[in-house]
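Per-entry structural report
Each chain, letter by letter, is given below.
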Amino acid sequence: MLTDDFDYHLPEALIAQRPAEQRDSCRLLRLDRRSGDVTHHVFTDLVSLLKRGDRLVFNDTRVIPARVHAVKDSGAQVEFLFTEKVDDLTWKAVVYPGRRLKKGSCAEVVGSKGCFLHVTEVLPGGDRLVKLQSEHIATMQAFLETCGHIPLPHYITRQDENCDREMYQTIYASKAGAIAAPTAGLHFTDNLMNRLKESGIDFSYLTLHVGIGTFRPVKVPNPADHEMHEESYSLSLKTVEEILGTKASGGRVIAVGTTTVRVLEHCSASGTLKPSSGKTKLLILPPYKFRTVDGLITNFHLPKSTLLMLVCAFGGIKPVLDAYHQAVDEKYRFYSYGDAMLLL
């Protein structure tokens, strides 16, 4: 198995630059894992495609406005992407371009007079520890909410806008900490979730704070040699009991997004799903025996990405890539703000 096995051609015009006007109006490609058959739907067809007694498991992480633009004394522009809290004033950050900010460097935040960011340490791998200096903002979290930008993925070539603060966020997002949205959940609306409940579909929630690793491509020839970044997660006893109850009654556990899959499978490593919290760097590649997940709702992912590899582990490399080729032919919209896929 090679990283190149997970490649496909995508015309640039199919990369969605903006969300659909109505979240649940996107298209939905359904792939049958056994037969490889593909059918085409709209996202609201989930009501008829799922069965009474099935359980959807959502990732309730909330995206923080983690991207900050600043300027050094020299006038050079730098960008910070804050990834993890260390204390109230200090966070880990990825810096672009990194060579401009060594230990002891300082930059003033654009558009926020009197806010300065000090690099206190350069960590192994190149990340920085960055401390906020401000007379009117007490914590880094408050600073980001006031001065930060939503960290849209690199393939969205426009600048973030006010609408992204709402649309690049699931409607059930409640636990702040992600630097990227669990995009499969972006398609759900209050109306659709009410219809699903009325149809006998159950809901559960867990948390995984999507980190910088989601943006990093696999660059090694053998994907098994790829080093995954750790991401913080939490799976409660309540959610575990709900999932095990669904399994016992013959229902299917359907993960909304690859992030949900990673938490459920990480917490099933012993053979039985157990509650826990901590960090995971689980890399799911074909072949993989799924212990908890029976179905998957996901967006279309970048070529050679760990996300596409996970989907291929679930649906089979050839069936999934054949489905992707159909999606390209049918002019589906791809990536974070694009259309969705259901594997059952």
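Anyway, here's the lowdown on the structure attached to this text. In this text the structure is predicted, and so the values were computed from the model without any measurement. (Residues numbered from 1 in each chain as written. Predicted model: local features only at pLDDT ≥ 70, side-chain atom pairs only at ≥ 80, totals over all residues. Heavy atoms only, no water.)

Before going further, it helps to spend a moment on the nonpolar core. Ranked by size, the top nonpolar core spans 89 residues in total, and within it Phe-80, Phe-82, Leu-117, Phe-143 and Phe-334 carry the most contacts. It is helix H7 (residues 306–315) that contributes the most residues to this core, 7 residues altogether. The contact partners of Leu-117, leaving out residues within four places of it in the chain, are Val-68, Phe-80, Phe-82, Ser-105, Cys-106, Ala-107, Val-109, Val-130, Lys-131, Leu-132, Met-140 and Phe-143. Listed in part, the 23 residues of the second largest apolar core include Leu-46, Phe-58, Leu-192 and Met-193. (Core = buried A, V, L, I, M, F, W, Y, C linked by side-chain atoms within 4.5 Å. Buried < 20%, exposed > 50% of the residue type's maximum accessible area, 1.4 Å probe, protein only. Helix = DSSP H or I, 4+ residues; strand = E, 2+ residues; numbered from the N terminus. Contact = heavy atoms within 4.5 Å.)

Take the sheet that holds strand E6 (residues 77–85) next. Backbone-to-backbone hydrogen bonds pair the strands of a sheet. The strands run either parallel or antiparallel. Spatial strand order, E5-E6-E7-E10-E9-E8: 6 strands in a closed barrel with antiparallel pairing. Direction aside, the axes of adjacent strands within the sheet are offset by 45 degrees on average. The pairing of E6 with strand E7 (residues 90–96) spans 6 bridges and is classified as antiparallel. Of the residues in E7, the one forming a bridge with Phe-82 is Ala-93. Strands in contact with helix H2 (residues 140–147) are strand E5 (67–72), E6, E7, strand E8 (106–109), strand E9 (116–122) and strand E10 (128–133); relative to E10, the strand with the most contacts, it is inclined by about 80 degrees. (Pairing = 2+ DSSP bridges. Axes fitted to C-alpha atoms, helices over the stretch in contact; angles between N-to-C directions.)

Let us look at the sheet that holds strand E13 (residues 231–235). Taken in spatial order, the 9 strands make up an open sheet running E2-E1-E17-E16-E14-E3-E12-E13-E15, and their pairing is mixed. Looking along the sheet, the strands with just one partner apiece sit at the ends: strand E2 (38–42) and strand E15 (276–280). Sheet twist, expressed as the average angle between the axes of neighbouring strands with direction ignored, equals 25 degrees. As paired strands, strand E1 (residues 27–31) and strand E17 (residues 340–343) are joined by 4 bridges and run parallel to one another. Residue pairing in the sheet places Leu-29 in a bridge with Met-341 of E17. This element, helix H8 (residues 317–329), spans E1, E2, strand E16 (295–299) and E17 of the sheet and lies at about 150 degrees to E1.

This part takes up the pattern of salt bridges. Counting across every chain of the model gives 19 salt bridges. The shortest N-O distance in the salt bridge between Asp-54 and Arg-252 comes to 2.7 Å. Taken together, the residues span a long stretch of sequence, with Asp-54 in the loop between helix H1 (46–49) and strand E3 (55–59) and Arg-252 in the loop between helix H5 (237–248) and strand E14 (253–256) at a distance of 198 residues. The shortest N-O distance in the salt bridge between Arg-67 and Glu-79 comes to 3.0 Å. Here Arg-67 is found in strand E5, whereas its partner Glu-79 is found in strand E6, with 12 residues between them in sequence. Glu-79 shares its class with Arg-67; the two are buried. Within this structure, Arg-18, Arg-158, Glu-161 and Asp-164 form a network of salt bridges that share partners. (Salt bridge = Lys/Arg side-chain N within 4 Å of Asp/Glu carboxyl O.)

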